[in-house]
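Descriptive structure summary
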Protein chains: 4
Amino acid sequence: MAGSVFGNHFKITTWGESHGKALGVVVDGVPAGLNLCEEDIQSFLDRRKPGQSKFTTARAEGDKVEILSGVFEGKTTGTPISMMVRNADQHSKDYSNIMDKYRPGHADYGFSEKFGIRDYRGGGRSSGRETIGRVAAGAIASKILKEIGIEICTYTKSIGPVEITSFDSSEISKNPLYMPDAKAAEKAQVFLEECLSKKDSAGGIVECQISGVPAGLGEPVFDKMDARLAQAIMSIGAVKGFEIGDGFLVASAKGSENNDAFEMKDGKVSKKTNHAGGILGGITDGSPIVFRAAFKPTPSIAQLQHTVNEGCEDVDIEIHGRHDPIIVPRAVVVVESMAAITVLDELIMNMSSKLDYIKEFYS
Amino acid sequence: MAGSVFGNHFKITTWGESHGKALGVVVDGVPAGLNLCEEDIQSFLDRRKPGQSKFTTARAEGDKVEILSGVFEGKTTGTPISMMVRNADQHSKDYSNIMDKYRPGHADYGFSEKFGIRDYRGGGRSSGRETIGRVAAGAIASKILKEIGIEICTYTKSIGPVEITSFDSSEISKNPLYMPDAKAAEKAQVFLEECLSKKDSAGGIVECQISGVPAGLGEPVFDKMDARLAQAIMSIGAVKGFEIGDGFLVASAKGSENNDAFEMKDGKVSKKTNHAGGILGGITDGSPIVFRAAFKPTPSIAQLQHTVNEGCEDVDIEIHGRHDPIIVPRAVVVVESMAAITVLDELIMNMSSKLDYIKEFYS
Amino acid sequence: MAGSVFGNHFKITTWGESHGKALGVVVDGVPAGLNLCEEDIQSFLDRRKPGQSKFTTARAEGDKVEILSGVFEGKTTGTPISMMVRNADQHSKDYSNIMDKYRPGHADYGFSEKFGIRDYRGGGRSSGRETIGRVAAGAIASKILKEIGIEICTYTKSIGPVEITSFDSSEISKNPLYMPDAKAAEKAQVFLEECLSKKDSAGGIVECQISGVPAGLGEPVFDKMDARLAQAIMSIGAVKGFEIGDGFLVASAKGSENNDAFEMKDGKVSKKTNHAGGILGGITDGSPIVFRAAFKPTPSIAQLQHTVNEGCEDVDIEIHGRHDPIIVPRAVVVVESMAAITVLDELIMNMSSKLDYIKEFYS
Amino acid sequence: MAGSVFGNHFKITTWGESHGKALGVVVDGVPAGLNLCEEDIQSFLDRRKPGQSKFTTARAEGDKVEILSGVFEGKTTGTPISMMVRNADQHSKDYSNIMDKYRPGHADYGFSEKFGIRDYRGGGRSSGRETIGRVAAGAIASKILKEIGIEICTYTKSIGPVEITSFDSSEISKNPLYMPDAKAAEKAQVFLEECLSKKDSAGGIVECQISGVPAGLGEPVFDKMDARLAQAIMSIGAVKGFEIGDGFLVASAKGSENNDAFEMKDGKVSKKTNHAGGILGGITDGSPIVFRAAFKPTPSIAQLQHTVNEGCEDVDIEIHGRHDPIIVPRAVVVVESMAAITVLDELIMNMSSKLDYIKEFYS
């Protein structure tokens, strides 16, 4: 499983599993000279913290990050930054009811087949806790992007059948579901309570807008901006769909509707519309990047389910414990982090696209 | 633009632009001992050949492939396989009406911003002809997969508003739109004629089913099977959305609906349903992999459009010449090729997942 | 500095600097099912531990390793293994005499030019302590290789002018210089005492023999076994030369002398001699791999030296503190570790070289 | 054998074997805006052309290069540059005396073991002709480096026992052995004639000096400048040793002798001596990079040799045909090419080392 490294220049290596000693990330390729402290990371991690509402698990996870290397006198030195979060509570509870059964909707069976061994405690490496490393790295990427004038706004677009109908970015952090529409957030909460009462769970859609991105980023033909974003986002657990701009709607659109006309605006090349979501031919066009990710409902539900055990017998399974009825709110910051990491990586890759750039740099 | 390499073990490097001398691919990491001849490649390339119907451009492109290396006495030797297709016709036509204008929906502006130079002849590297290398490599990957028992079936699921309502795989190659539903294919043709008459174009959806995939493929957490497929497919020009299994529908599903129950069937672990599209936690679960890609309408339309030129002036643009009113049919084999390349790469990566495998191999 | 990742399948990411909080490594791609505990790692780390003799620094560095992830119930799970060693003593001593001066023979100036910032405490990332991560990862690689029947024997071949004249592998661990020749070890100790008394330091050569390597490993043309070993070994601080088999002597040899005749021996293809050092055309030939690395003398010497400071002034520098007069003995295990990591990585890469292998694996 | 790709940003993929249809390279990541024509490449390829003297094979190999993509109107466009050389003469001669025997000193046995198949015609992929792709790519890298003020001077330092004792760069291209010392070149020719008359061959050393390299290049800890150079150079067939600066001599030097004192010179930080060969701690220090590669004697000699055949029988082998008695002269340009590729790649990697660089670039 040498799949825990992502990125070319801003390269992250994540590690850790749900009930291991700790989880973390090594970020290689962080440029020197960035002011960085643990609080920069912590504020990102806190956005994925559980226990913030009744829709997120109540486990007391402190998730305090420690920066172990790569920062000297408050500044990054250009060397790898290692960050770690200790698992506060590794006391294994009783897993006897699930340890030899494949939970529906989970990766248990695949892991067993692949490795011949499975860490049954809370999903092991396939747990949502795996994203701690992503978010810690994303905090650094986001901070760098901000210095360049790139801002990322990520939020819940829909939960089950409840979709936002208005957009007020100041609302996002005011409700536990991270929706930019207070009314929708209320409706969604009612819907989630219903799910909970029925021992069921819900899915939803996360949307991300990245503004301030210069035109020209993206490396055709395989490392196009949208292709790399797709890998980054689809690699997050529970994501089953990714779309950019108008996304799946383009399939039923006409060319005359879908093409965005270019125009001059305030002395700059811009587009009258943004059906493309800021990316044409895999390269940014200067408009905001807009993409969405579809998250499936939490697979751990309290209902009795049918499955198979490691002995290849048909059995029933009942998953105990408190689980979030929805993955989306805590995933918002994960999506934002992966977007930041990807955009920054492409941003750096683009710096050698012209010979003139290189000559000027070394003159 | 060091973005033309894809894959870890089965590694392809594509090259070439629309009106250059030739296009091609180098495939590194092909295992030795595969019977391979040019006809194996040609039959794949012919599926993306233009001029097959009135909905695909009539340009006389022979697209004859030549294998330049890596095959000896009819078998692959384990060394890189270089394949090339000469561009039959490089006589540049008159591009004066578009050479300094950014075509809406195309990558012209991004390329100009990135490289300070743009090959205005037929889109250069951002042309659909770029996919020749992908398809040639895909032909090899598909042939290997077939020997392992993995079959890929790819087809047009919808064109504009016309979606298939039945599935007969034998129909796919019988209509020029590669639809598995003869009636839908007819309707779609009527719809496309209408688009043509209005100087407009249409989008559509390609679906891909991969059967015979063993459980356990995919490398968490960033090289998960679905994440790599997403990158592979989104890197194809004009794709704006990717989804696996139920895709975006999961956002409004309940956990109790979306979870696939495991069951024993014919002595094998299987799933009662396949909402997951064959992938759980980024690892294959033994069910068929099912994914879809949304293609936007051909951006080159004959209507007068508004845009901007390289001198930053608002101008009109009229794109002459014959263009396909729909990208989808010719893209079907491209999607299949990228899927084959990705699955094969993951298949090889998985071979070292257990110590026992390695010990047995070297015993 | 995204240069802290090495390997394709067995992929290590090291981090940490001399006087940071900790140092460590994440090892991605460890196959599942290996018995592994901290003692396996500790025994390797202890071989690079300082304070073992008067020729290695007396600082009290415990260097106790902690395994943070990837091991469950005593076995590797296939997920990344994160290992960490806390720096016992981060109390910065007084660096005022060197903090703004470029130490001759050190990387200070290069780091300053590259990053605009320099961690002057003990060399930061360019310190020998950086190798802790390499050795921890090497312990795992070595353990896996051993299970496949591959053994690595590494030792000091020469120190200054003192070269071994006999070889007894059981001697290696009996003297603090790791020489397989007791008499040479004694002479070398006398020589080193002389160096110490003159405030000077000495270089030396480390030799490595890898036996049990199957023929066929190595991936032409850039990832040949010797090319990857060269990168791995030259990446160790203070190494200025690398040679395989007869090495630089081949330059003055005749073809008739240098060619190793093949012959059948005990029913196996073997070679009468091993001038090639076990590698022909970048691929192993079944004979033991033999290579050497030349280490320069410790650059930190107590003599007064001339240099330049960050203000671009010519100045004198006097480096206080206890430093090893020789790097070689503690580097022996580092060389062995990098060799193990490289050979294991190539071993895994080779598993997909034939189509028949892949077909058999998935049948 | 997915080992035919080298480089991170300036990324080359070589392909082709001795008696295949053609050989070539795809160079990905060439910055846009470089003036480039086939003559730029041809002049490099001509330096490795055979038949230039009696010490290089007389086969009539035209080796005319064709640029197939990536150049438009005389300038690079930023897209991959594909270059190809057709094999003029593929008529297979009679290989019956060697086709099932493992030639001593060659990679035959390793290839057979690895791939189960071997292209016995002229060594296939392990032939020296494989370097055509490297040299074509090196021509581009060198041209870019020149524009930045980096010049590479490569030459033969020794042939068998004959070493240069003077250095006149203008002499290098005046003798067929590429030695910077006319007298040594004469002596070496006498020596080589002797070798020829005895059906024997000779080895030698190539030295390379790279001037104008800015301080700060190299990415610790695994992609250090010297580590990457080592991989690049050791990947060339027949190289058995690599050393930088004083190389193996450092092993017997004292620290006080080996340390290079820094000093201010003409307002710049420089070093009084250059024992380090321009690289400290893996990062360039502004002094010229100096390295050497040891080449073994041509393994194909006309003497009767002992070996083994594919049927595992002890047999004699007699290798017919004309072979160079020395590899070194034709390898000079190969070494220079690999050095150029590596330095350029590191040069680009360094552009993101400081946050200030990135901010300035995007401001």
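Computed from a predicted model, the values in this text were never measured in an experiment.

Topic: the overall build of chain A
Within chain A, the regular secondary structure consists of 8 helices and 18 strands. Here chain A has a C-alpha radius of gyration of 21 Å; the compact-globule value for 363 residues is 21 Å, and the two agree. Taking the principal axes of its C-alpha atoms as reference, chain A extends roughly 65 × 50 × 40 Å. Expressed as a percentage of the 363 residues in chain A, the buried residues total 69%. Across chain A, contacts joining residues at least 24 apart in sequence account for 68% of those joining residues at least 6 apart. On chain A, roughly 11,200 Å² of surface is accessible, and the fraction owed to carbon and sulfur atoms is 48%. Mean positive and mean negative side-chain charge positions of chain A (41 and 49 charges, respectively) differ by 1 Å.

Quick notes on unusual backbone geometry
A cis geometry characterises the amide bond from Pro220(C) onward to Val221(C), with omega recorded as 5 degrees. Among the secondary structure elements, Val221(C) is positioned in the loop between β10 (204–211) and α5 (225–234). The backbone of Asp266(A) sits at a positive phi, close to 50 degrees, despite the residue not being glycine. Structurally, the position occupied by Asp266(A) is in the loop between β12 (262–265) and β13 (268–271). Although it is not a glycine, Cys312(C) adopts a positive phi angle of roughly 65 degrees. Looking at Cys312(C), the relative accessible area reads 41%, which means it is partly exposed.

With respect to the interface of chain D and chain C
With 104 residues of chain D in contact, the opposing surface of chain C contributes 104 residues. Of the roughly 8,000 Å² buried at the junction of chain D and chain C (both faces included), carbon and sulfur atoms supply 63%. Three residues stand out in chain D for area buried against chain C, namely Lys114(D), Phe222(D) and Lys240(D), and they jointly supply 11% of the buried area on that side. Between the two partners, chain D and chain C, sit 2 salt bridges. One salt bridge in this structure joins Glu219(D) and Lys114(C), with 2.8 Å as the shortest N-O distance. Across the contact surface, chain D and chain C share 45 residue pairs in polar contact (both at pLDDT 80 or more).

Focus: the relation of the copies chain D and chain C
In the superposition of chain D on chain C (RMSD 0.0 Å, axial shift 0.0 Å), the rotation amounts to 180 degrees. Taken together, the turn and the small shift mark the pair as related by a two-fold rotation axis. Here 100% of the interface residues in chain D have copies in chain C that are interface residues too; the copies meet face to matching face.

Quick notes on the packing of helix α1 (residues 38–47) of chain D against helix α3 (residues 131–148) of chain D
Residues and elements named next belong to chain D. Remark: α1 packs on α3, axes separated minimally by 9 Å, with the N-to-C direction vectors making an angle of 125 degrees. In terms of axis orientation, α1 runs oblique to α3. The handedness of the crossing between α1 and α3 comes out as right-handed. Seen from α1, the contacting residues are Asp40, Ile41, Phe44 and Leu45; seen from α3, they are Ile132, Val135, Ala136, Gly138, Ala139, Ile140, Ser142 and Lys143. Here the residues of the contact of α1 with α3 sort into 8 nonpolar, 2 polar and 2 charged.

Definitions and cut-offs
Residues numbered from 1 in each chain as written. Chains lettered and ligands numbered in written order. Predicted model: local features only at pLDDT ≥ 70, side-chain atom pairs only at ≥ 80, totals over all residues. Heavy atoms only, no water. Helix = DSSP H or I, 4+ residues; strand = E, 2+ residues; numbered from the N terminus. Rg over C-alpha atoms; globule rule 2.2 N^0.38 Å. Buried < 20%, exposed > 50% of the residue type's maximum accessible area, 1.4 Å probe, protein only. Contact = heavy atoms within 4.5 Å. Areas by Shrake-Rupley, 256 points an atom, 1.4 Å probe, with all protein chains shown as cover. Lys, Arg positive; Asp, Glu negative; His and termini not counted. Charge placed at Lys NZ, Arg CZ, Asp CG, Glu CD. Buried area = accessible area lost by both parts, 1.4 Å probe. Salt bridge = Lys/Arg side-chain N within 4 Å of Asp/Glu carboxyl O. Polar contact = N/O pair within 3.5 Å; in protein donor to acceptor, adjacent residues only side chain to side chain. Least-squares fit on C-alpha atoms with pLDDT ≥ 70 in both. Axes fitted to C-alpha atoms, helices over the stretch in contact; angles between N-to-C directions. Parallel < 35°, antiparallel > 145°, perpendicular 65-115°, else oblique. Left-handed = near helix turned anticlockwise from the far one by under 90°. Nonpolar A, V, L, I, M, F, W, Y, C, P; charged D, E, K, R; others polar.

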